[in-house]
Number of protein chains: 2
Amino acid sequence: MTHADPVFRALADPTRRAVFERVAAGETHVAALTVGLSVSQPAVSQHLATLKTAGLVCERREGRRTYYRADPAGLEPLVDWMARAGAFWPERVDRLKKLLERMDP
Amino acid sequence: MTHADPVFRALADPTRRAVFERVAAGETHVAALTVGLSVSQPAVSQHLATLKTAGLVCERREGRRTYYRADPAGLEPLVDWMARAGAFWPERVDRLKKLLERMDP
DNA sequence: CGTATCCATAAGTTTGGACTTATGAATAGA
DNA sequence: TCTATTCATAAGTCCAAACTTATGGATACG
């Protein structure tokens, strides 16, 4: 019953997904994110606002800058949904297990 | 490197996600899916076409009907992306593990 | 055969949302 | 204080895409 809708919507856009990936790689601020993204600074701010509403990122003000970091609980609705949608496929579970083994040997 | 884009796009729409959920729950045909979805039959067909392009469903013709079933490998790009995006959070991995344990005791 | 059902495609409409530029608030530093 | 950064918001534009109705092809069935 976790509302996965905002999360799916937020991650549907490639640019916004790129923003999230960079934030997830380590805390950064808006100006740093704007570099190399081929969109304007307001666009980045808007994407960050969407990600924040979806619960995927948190913010932290420091001086003139706003630092963003990924919220570890943000992807949980996605996992829950996959568990529900794929609950009928034991095969899926095996794949997930293998992936986790690769990630965490 | 798996193109997760079509998958994320396909699952972003609530109606299409509902279609996929019902297909994932068991093989069905278009007319059965149309019932209770509050959209027209062509809309359902279009959603199914999108899901098929994204690799999330397969089709099987039988008489006048077209039966759809979920492709077990369809969600893999999603899992891979999550692994990459969340690779920096060991905490995330633990949650996934707990979930899998609940799913597969 | 003729008809009804099932589905996909075509064509057109409409709305959400991903951008842009413009601007102002807040802070740092000279 | 004055100026330069940093960021968020406002307002407007534009396009993708989620619908609709219309239609035709294919199959079942009398």
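See the structure above.
All of these numbers come straight from a predicted model, not from anything done at the bench.

Rules used throughout
Residues numbered from 1 in each chain as written. Chains lettered and ligands numbered in written order. Predicted model: local features only at pLDDT ≥ 70, side-chain atom pairs only at ≥ 80, totals over all residues. Near = placed C-beta within 6 Å. Helix = DSSP H or I, 4+ residues; strand = E, 2+ residues; numbered from the N terminus. Nonpolar A, V, L, I, M, F, W, Y, C, P; charged D, E, K, R; others polar. Core = buried A, V, L, I, M, F, W, Y, C linked by C-beta atoms within 7 Å. Buried ≥ 20, exposed ≤ 12 C-beta atoms within 10 Å, placed from the backbone. Contact = placed C-beta atoms within 7 Å. Pairing = 2+ DSSP bridges. Axes fitted to C-alpha atoms, helices over the stretch in contact; angles between N-to-C directions.

S.K.: Would you explain the protein's contact with DNA strand D in this entry?
M.R.: Contacts to DNA strand D come from 23 residues, most closely from H29, A31, P42 and S45 of chain A together with G63 of chain B. Looking at the surface near DNA strand D, the elements that each hand over two or more residues are helix 3 (30-34), helix 4 (41-53) and strand 3 (65-70) of chain A together with helix 4 (41-53) of chain B. The dominant element in the surface near DNA strand D, judged by the number of residues it contributes, is helix 4 of chain A, at six residues. Looking at the surface near DNA strand D residue by residue, the classes come out as eight nonpolar, 10 polar and five charged.

S.K.: How should the nonpolar core be read in this particular structure?
M.R.: Generally speaking, soluble globular proteins have nonpolar side chains that are buried together. By size, the foremost hydrophobic cluster in this structure holds 48 residues, and its most contacted members are F20 of chain A together with F20 of chain B. If sequence neighbours within four positions are ignored, F20 of chain A has contacts with L11, L51, L56, V57 and A70 of chain A together with A85 of chain B.

S.K.: I'm lost on the sheet that holds strand 2 (residues 57-62) of chain B in this one. Help?
M.R.: The strands making up a sheet associate through backbone hydrogen bonding, with each pair oriented either parallel or antiparallel. Residue and element names in this part refer to chain B. Read from one edge to the other, the open sheet built from three strands follows the order 1-3-2, with strand pairing classed as antiparallel. Two strands in the sheet have a free side with no partner beyond their single neighbour: strand 1 (28-29) and strand 2. Examined bridge by bridge, strand 1 and strand 3 (residues 65-70) share two bridges and lie antiparallel to one another. Following the sheet pairing, H29 is matched in strand 3 by Y67. Helix 2 (residues 14-24) contacts strand 1, strand 2 and strand 3 of the sheet and is inclined by roughly 90 degrees relative to strand 3.

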